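Observations on the model geometry
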Amino acid sequence: MELLNKVNEKLKEHFHGDIESAELLYDYPVFTIQKDRIHDVLKFLKDDEELNFHFLTDLCGMQTADEKQLGVIYHLHNMPKNYRIRLKTFFDINKPEVATATDLWPAANWMERETYDFFGVRFKGHPNLKRILNVDEMDIFPLRKEYPLEDQSRTDKKDEMFGR
Amino acid sequence: MSKKETTYSVNQEVIEEKEYSTLNLGPTHPATHGIFQNVLKMDGEIIHEATPTIGYIHRAFEKLAERRPYAQITPITDRLNYCSSPINNMGWYMTVEKLLGAKIPKRAEYHRVIIMELSRIADHIICNSVIGVDTGAMTGFLYIFQWREKIYEIFEEICGARLTTNIGRIGGFDQEWSKKAWDLIDTFLKEYPKGLQEFANLLERNKIFMDRTINCGPISAEMALSYSFVGPNLRAAGVDYDVRVMNPYSSYEDFTFTVPVGTQGDTYDRFMVRQHEMWQSLSIIEQAIKKMPEGAMHADLPDFFLPPKEQVYNNMEALIYHFKIVMGETDIPKGEVYHCVEGGNGELGFYLISDGGRTPFRLHFRRPCFIYYQAYPEMIKGIMLSDAILTMSSMNVIAGELDA
């Protein structure tokens, strides 16, 4: 809670209006940032002397429940002070573009390629944005909810009796 | 296959003409210990450029997890870093328990610590003995690998499986460990230090081994941090980051242990960090056995924990729970959590979003191998091919974790 307020105050001061929400989910302070400012916020958090989130723990994508939006989630870490926060940004699924973080952390390179591979998020300014785990010829983005894992038209596997 | 590349100076005068040859290292080659492909541009025996291709054993774990009830996701985590699957299992259980807000009894947590440290030893045995093999020292590998077998015998006694363990449950363990399991652990604790010392004597101060590994594939602390290195590889570069100390989970705060760090971040340091971690793991197991508290082996979670068989046969309530759990019909509260454990390769994270249904809405594995393997082309630039092999085995890149 203390960390949430501290980061929130700093962000409010510099990015007033671009912070869509700030909340504490379990042990993590979570901020939702406007997608056009996410790069500035990441840069600010990395360079700020007091907060200094120098370590990119994780970067991954997600799709919202209404299937209309995609999101990118960043987990940042300040090791000496052991601060951990999570940043999120959402954008329209038909225009999935967001600024890359590879200029801040080289580690973001493959994580962004993975996100592109599975969700089709195009990271602007990424040096080598192509598929990484799936075959190059694939023409879908498999982790999107519109591509179900199993063929939903199958009739030999009825799940109704189990209340699904 | 070779092609000519010419470098021109400003006034277009040819200053150097070099011929690079292309070498395909992998995808299946005994020296890469797994399915890794690197297309190398070689200048004689020196690597000029490397382009890794990954994904050969991609099994769509994150998509699979979106269709599976929580208990059925554990076998998926087995197959991430299959050299230390129990750590992955425990990490996953703890993630779900965090989401549920479950309180795990100390006794179960101590048992988890024992299991996790045993698998850490097994993981480091593989990595370190393979470094030995790649330098040409087969002996150490042959001697120390029997101890990995002993650890697998312990796993087998506890859960019935050896490699992909699926050990324990959400909430704790299904039953007390048998006397035979404890006997095996006692024998292991008594005899393994001798075996490890023997292995250490063979390699740690071995002149040939040191000449071969010191300054081989080094990485600086700054670069390691910017590439999000974790675990032994980061500690070898001199950063004392260990999840067990920074964010203690499963009662790790009850134990005293040191976090070994290196200075150079080269192959020798990575080897030595792992060597010392094995001694620390042994000490943690001893402490856990000595301080083992009394109590239950699992948390009070009737929705997730199978009731005892006698009750299932005689009690309606228990039968319903049994059916619901086996069919995967229990709902999980809404929420999102990130939980990380110190795996064999460092911070192994689980980012779980639940929408309240029977399966996760989204599950992302933070796989340390995947993230730090991207620094590999940079680390092997300008070094010999045989050193590149050594660098890869000392980074302990596991194909299962890399490709998910």
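Refer to the structure above for everything that follows.
Throughout what follows, the structure given in this document is the object of discussion. Since we're looking at a predicted model, the values are computed, not measured. (Residues numbered from 1 in each chain as written. Chains lettered and ligands numbered in written order. Predicted model: local features only at pLDDT ≥ 70, side-chain atom pairs only at ≥ 80, totals over all residues.)

1. A short note on the overall build of chain B
From N to C terminus, chain B includes 17 helices and seven strands. By the compact-globule yardstick of 22 Å for 404 residues, chain B fits well, its C-alpha radius of gyration being 23 Å. Expressed as lengths along the three principal axes of its C-alpha atoms, the size of chain B is roughly 90 × 45 × 35 Å. Here chain B holds 404 residues, and the buried ones make up 48% of them. Within chain B, counting contacts between residues at least 6 apart in sequence, those at least 24 apart form 69% of the total. (Helix = DSSP H or I, 4+ residues; strand = E, 2+ residues; numbered from the N terminus. Rg over C-alpha atoms; globule rule 2.2 N^0.38 Å. Buried ≥ 20, exposed ≤ 12 C-beta atoms within 10 Å, placed from the backbone. Contact = placed C-beta atoms within 7 Å.)

2. A few points about the environment of Tyr56 of chain B
Residues and elements named next belong to chain B. Inspection of the secondary structure puts Tyr56 in the loop between β4 (46-53) and α1 (61-65). The class of Tyr56 is partly exposed, set by 16 C-beta atoms lying within 10 Å. In sequence terms Tyr56 and Tyr372 are 316 residues apart; their C-alpha atoms lie 18 Å from each other. Beyond its immediate sequence surroundings of up to four residues, Tyr56 is in contact with Pro27, Ile35 and Asp403.

3. Notes on the environment of Cys127 of chain B
All names here are of chain B. When you line up the elements, Cys127 lands in helix α4 (residues 106-135). Taking the C-alpha atoms as reference points, Cys127 and Lys103, separated by 24 residues in sequence, lie 35 Å from one another. Ignoring any residue separated from it by four or fewer positions in sequence, one finds Cys127 in contact with Arg274 and Asn396.

4. Re unusual backbone geometry
Residues and elements named next belong to chain A. In this structure, Tyr26 is a non-glycine residue whose phi angle is positive, near 55 degrees. Within the secondary structure, Tyr26 sits in the loop between β1 (19-25) and β2 (28-33). In this structure, Asn82 is a non-glycine residue whose phi angle is positive, near 55 degrees. Take Asn82: there are 12 C-beta atoms within 10 Å of it, and that puts it in the exposed class.

5. A closer look at the packing of helix α11 (residues 267-290) of chain B against helix α16 (residues 385-395) of chain B
Residues and elements named next belong to chain B. Where α11 contacts α16, the two axes come as close as 9 Å, and the packing angle between them is 25 degrees. Considered as vectors, α11 and α16 are oriented roughly parallel to each other. Crossing angle aside, the handedness with which α11 passes α16 is left-handed. Between α11 and α16, the residues in contact are Thr267, Arg270 and Phe271 and Leu390, Thr391 and Ser394, respectively. When grouped by side-chain class, the residues that make up the contact of α11 with α16 number two nonpolar, three polar and one charged. (Axes fitted to C-alpha atoms, helices over the stretch in contact; angles between N-to-C directions. Parallel < 35°, antiparallel > 145°, perpendicular 65-115°, else oblique. Left-handed = near helix turned anticlockwise from the far one by under 90°. Nonpolar A, V, L, I, M, F, W, Y, C, P; charged D, E, K, R; others polar.)

6. Observations regarding the interface of chain A and chain B
The partner chain B presents 33 residues to the 29 residues of chain A that form the contact. Of all the elements in the fold, those that place two or more residues in the side of chain A that touches chain B are β3 (55-63) and α3 (108-119) of chain A. It is β3 of chain A that contributes the most residues to the side of chain A that touches chain B, six residues altogether. For the side of chain A that touches chain B, the class distribution of residues is 20 nonpolar, seven polar and two charged.

Everything listed here is a matter of geometry and, on its own, says nothing about what the molecule does.
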